[in-house]
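Observations on the three-dimensional arrangement
Listed here are the chains, written in short residue letters.
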Amino acid sequence: QQQWYKGAVIYQVYPRSFQDSNNDGIGDLKGIINRIDYIKSLGVDAIWISPFFKSPMKDFGYDISDYRDIDPIFGDLNDFDELIDQAHKRDIKIIIDQVLSHTSDQHQWFLDSRENQNNDKADWYVWADAKEDGTAPNNWLSIFGGGAWQWEPRRGQYYLHNFLTEQPDLNFHNPDVRKAVLENVEFWLKKGVDGFRLDAINFCYHDAQLRDNPAKPKDKRQGRGFSEDNPYAFQYHYYNNTQPENIEFMQDIRALLNKYPGTVSLGEISSEDSLATMAEYTQGGDKLHMGYSFELLTDDYSSEYIRETVQTLEQRMTEGWPCWAFSNHDVERVASRWSQNGEINPAQCKMLTALLASLRGSVCMYQGEELGLGEASVAFEDLQDPYGITFWPNFKGRDGCRTPMPWEGNNTQNAGFSAAKPWLPVDSAHTQQAVSVQDKDANSILNAYREFMAWRKQHTVLLAGDIKFIDTAEPILAFYRTLNEQTMLCVFNLADSNQTFELTKTVTEAHDSLSHCNATLDGNKLNMSGFGCYFAFVK
Ligand code: GLO
């Protein structure tokens, strides 16, 4: 019996924007409960909910001021218990976000720590003296822009923040910190969660000697979902994250999870060599269960890129288990990002769902991906994300993928998300793609999504088989999934033009039952329409 997370489809809910139940313009836990049957109808195995803990919301919940409580904007602990209950009744697992590398600057630990240099919590964050000339201790930068050090007048020292100024980094070199952090994690295990998505998990440790990061040559800088003119891209981040000690902490997390059988960890990893770090953090059976890859969240869209990426990770990640995603709350929505002509193409959205659901590993799909939503355009005046405000207009931040879910079409107020003005505007183009509209249309992206999810579940070879790519030219991507005696051929046309593909094996059972594929076999020649796909058992 394969463990549940292997091959699972995890539906990511960004709670602020999913469903508002009390009409304050912000989604909440009750809203998720009200929509649980919709989530069930998608055929997913688990929900990952982005942070809903007490927070000043400078980074919309990724800045936590109390790890054991729910922010009132989202509800309370009873709502959470109810959510777990309702999800479990429907056989849906609950994965929650844990932001361990940093807290909010309003967390009591930080309020104490910053007071002076000799209090209980004095060494719980990363404090350092100014250089002789008053400048920051070293050259480290913040992902969200500017230096990674902030001066604290009370202590007469700088503190480290890899993210916003309001997100001070905890000092994991201090064993008391590790212990306290794990106690918070255990609080949620006792509540019955099925696992954790671990935010920026390779950022727990920093280099204790605070060595400068080396400069990165211009041709090596790539944007990983962040602005390429973000100076963050100008350095190799050798010393501010992914330190050797970090691995021991992964082992501590696993040891804790092992006390709660069936619970899993999904680590978000972005390092200078993310694939290598993912392999390292998930091998040996004593560290993380799954690594979450950023590789397919980039602008790169070609069969060569996808093949090379998946293949490289397959080779490196011998025992570890990957988790792939095309979209999340940090990057431009895939329907726009990989659009071939600037417009949303439903056939492409369906094909991408089929592709993602055919890869070896687990899969995360972001709310609205099942509707083929494109990136919303958000005016500067409406921006909420500090990251976007800093880098505007070159980089518009993450609000475009965080606008509210469109539930109702027609002229329903705010697409049924809320009766009050939503915290981010509903995109008018999204209204036409609303759940109620697509639900009724057998040919919709939503119904194709449901079909593929059911399809994946029915075929163990897709959940557990290995993956072997076929050497194809653009724009065809093709691979075999094999388990024991069974081999399934999976072919995808990544372009909007008709293509052909030559089969070299014999079809024993073609999958004509799938209604969203747009490919027909003629002898051993496969004729594929634009963005078509094809599945068959072969010998
Ligand atoms: C991506 C997170 C992002 C947070 C950041 C700080 O890394 O999902 O949304 O802003 O990690 O916690």
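Since the structure is predicted, the reported quantities are computational estimates derived from the model, not experimental observations.

In this structure the tally under the stated criterion is 37 aromatic pairs. Look at Phe 18 and Trp 407: their rings are 5.1 Å apart centre to centre, the planes differ by 85°, and that puts the pair in the edge-to-face class. Of the two residues, Phe 18 is situated in the loop between strand E1 (9-13) and helix H1 (29-34) and Trp 407 in the loop between helix H11 (386-391) and helix H12 (428-431); the sequence distance between them amounts to 389 residues. Taking relative accessible area as the criterion, Trp 407 reaches 1% and is therefore assigned buried. A ring pair is formed by Trp 48 and Tyr 292, whose centres lie 5.8 Å apart and whose planes are at 85°; its orientation type is edge-to-face.

Turning our eyes to something else, we now look at empty space enclosed by the protein. Applying the stated criterion to the full structure yields three cavities of 30 Å³ or more. As for the second largest cavity, its lining consists of 13 residues, and the residues nearest its centre are Val 334, Cys 349, Leu 352, Thr 353 and Glu 369. When residues of the lining of the second largest cavity are traced back to their parent elements, those giving at least two are helix H9 (334-337) and helix H10 (346-356). In terms of residue count, the dominant contributor to the lining of the second largest cavity is H10 (three residues). Here the residues of the lining of the second largest cavity are counted per class, giving seven nonpolar, four polar and two charged.

The sheet built from eight strands closes into a barrel, its strands ordered E1-E2-E5-E9-E10-E11-E12-E13 with parallel pairing. Here the strands of the sheet are splayed against their neighbours by 25° on average, with no regard to which way each runs. Where strand E11 (residues 290-292) and strand E12 (residues 321-325) come together, three bridges link them in parallel fashion. Within E12, the residue paired with Gly 291 across the bridge is Pro 322.

On the surface, Glu 304, Glu 308, Asp 471 and Glu 474 cluster together to form a negatively charged patch. With respect to the secondary-structure elements, Glu 474 resides in the loop between strand E14 (466-469) and strand E15 (476-483).

Conventions and cut-offs
The residue count restarts for each chain, going from 1 along the sequence in the order it is written. Thresholds applied to this predicted model are a pLDDT of at least 70 for local features of residues and 80 or more for the giving and counting of side-chain atom pairs; totals over whole chains, interfaces and linings are not thresholded and use all residues. Note that the side-chain values use all heavy atoms of the structure and ignore hydrogens as well as water. In summary, the pairing rule links any two rings of Phe, Tyr or Trp, Trp by its six-membered ring, whose centres are within 6.5 Å, and it sorts them by plane angle into stacked for under 30 degrees, edge-to-face for over 60 and tilted for everything else. Helix numbering and strand numbering both begin at the N terminus, where a helix is a DSSP run of H or I of at least 4 residues and a strand a DSSP run of E of at least 2. For the exposure calls, accessible area comes from a 1.4 Å probe over protein chains only, and a residue counts as buried if that area is under 20% of its type's maximum, exposed if over 50%, partly exposed in between. In the cavity and pocket records, a cavity denotes points on a 1 Å grid over the protein atoms alone where a 1.4 Å probe fits but cannot get out, a pocket denotes an open set with protein on both sides within 12 Å along at least 5 of 7 lines, and lining residues are residues with an atom within 4 Å of a point. Grid points are joined across faces, edges and corners, and a volume is the space filled by probe spheres set on the points. Each residue receives one of three labels: charged for Asp, Glu, Lys and Arg, nonpolar for Ala, Val, Leu, Ile, Met, Phe, Trp, Tyr, Cys and Pro, and polar for the others, Gly being one of them. Each pair of strands is called paired provided DSSP finds at least two bridges between the two strands. Between N-to-C directions, angles cover 0 to 180 degrees, with each direction set by a line fitted to C-alpha atoms, over the stretch in contact for helices. Patch membership requires more than 30% relative accessible area and the absence of a salt bridge. Residues of like charge join within 9 Å; the nonpolar side chains Val, Leu, Ile, Met, Phe, Trp and Tyr join within 5 Å. Calculation of accessible area relied on Shrake-Rupley with a 1.4 Å probe; when residues are assessed, cover is drawn exclusively from the protein chains displayed. Salt bridges are counted wherever a side-chain nitrogen of Lys or Arg sits within 4 Å of a carboxyl oxygen of Asp or Glu. We score Asp and Glu as negative and Lys and Arg as positive, and we do not count His or the chain ends. To locate a charge, take atom NZ for lysine, CZ for arginine, CG for aspartate or CD for glutamate.

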